[in-house]
Amino acid sequence: MKFLFDFLPFVLFYATYVKWGIYAATAVAIAASALQIIVSLALGHQVQRMQWISMGLIAVFGGLALILQNPIFIMWRSSVVNWLLAAILLGSMLILKKNLLKTLLGNQIKMPDAAWRSFVWGMATLFTIMGVANIVIAKNFSESFWVNYKTFGSPVITFIAILALILFIQFNHGQEIEVINDDTKPPTTPPSQDSP
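Residues numbered from 1 in each chain as written. Predicted model: local features only at pLDDT ≥ 70, side-chain atom pairs only at ≥ 80, totals over all residues. Heavy atoms only, no water.

(A) Highlighting helix H2 (residues 22-42). Between its terminal C-alpha atoms H2 stretches 30 Å, which fits the 30 Å expected from 21 residues at 1.5 Å a residue. Every buried residue of H2 is listed here: Ile 22, Ala 25, Thr 26, Ala 29, Ala 32, Ser 33, Gln 36, Ile 37 and Ser 40. Seen end-on, H2 carries its buried residues on one side only, within an arc spanning 130 degrees. Counted as exposed and oriented over 90 degrees from the buried face of H2: Ile 38 and Ala 42. A positive phi of about 80 degrees marks Gly 44, the residue just after H2. (Helix = DSSP H or I, 4+ residues; strand = E, 2+ residues; numbered from the N terminus. Expected span 1.5 Å × (residues − 1). Buried < 20%, exposed > 50% of the residue type's maximum accessible area, 1.4 Å probe, protein only. Arc of directions from axis to C-beta.)

(B) Representation of the packing of helix H4 (residues 72-94) against helix H6 (residues 113-140). H6 packs onto H4 with a crossing angle of 160 degrees between their chain directions and a minimal axis gap of 8 Å. With respect to each other, H4 and H6 are oriented roughly antiparallel. As for the relative orientation of H4 and H6, their crossing is left-handed in sense. When the residues that make up the contact of H4 with H6 are grouped by side-chain class, the tally is 19 nonpolar, six polar and one charged. (Axes fitted to C-alpha atoms, helices over the stretch in contact; angles between N-to-C directions. Parallel < 35°, antiparallel > 145°, perpendicular 65-115°, else oblique. Left-handed = near helix turned anticlockwise from the far one by under 90°. Nonpolar A, V, L, I, M, F, W, Y, C, P; charged D, E, K, R; others polar.)

(C) Region of interest: the packing of aromatic side chains. Tallied over the entire structure, the rule returns five aromatic pairs. Ring geometry for Phe 73 against Trp 76: centres 5.6 Å apart, planes inclined by 75 degrees, an arrangement best described as edge-to-face. One end of the pair, Phe 73, and the other, Trp 76, are both in helix H4, three residues apart, so they sit about a helical turn from each other. Both rings, one in Phe 141 and one in Phe 145, keep their centres 4.6 Å apart while their planes meet at 20 degrees; by these two values the pair is stacked. Look at Phe 145 and you get partly exposed, because its relative accessible area is 40%. (Phe/Tyr/Trp six-rings, centres within 6.5 Å; stacked < 30°, edge-to-face > 60°.)

All quantities given are derived from atomic positions and should not be read as evidence of function.
What follows is the structure, encoded as structure tokens:
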């Protein structure tokens, strides 16, 4: 259910874009991001800091796109979010000596610190590359190509890359990794890419 809730802004963004264009889709994305937080709070769920940041960025960049009638701002936002995620993961690990992925997922997966470090480096690399790819596509291809990439291509590429990273970690640390099956704790997910 949470997956569908998280994916809803992508669906609404794309459907609105197809029918009414980029500016209507941007307004819907802003509203959908705000609605996600409102519903989460109304249901008593904790809203993660990255969700607040993502909503703030979509409001700022989406607002600039609407006010200046220039879609490049909404396109840039995705790269900013990806690079921010990479910076947070690496900064926490290298400067604060705290592995955020271990903090988020440590109650579900037990593995050595070296594997957690590999996970952080892999995710930070993925976010950095996806941020660059987004800018390259936004600047060099049509608006409709970018929308299709953002809605369909980017999530698929991200899923495949995370799966490859998990397999890499499993191959290198497989005998030391243990999945903890504790139904009393709510599942958490690693930071993911943003909504449109």
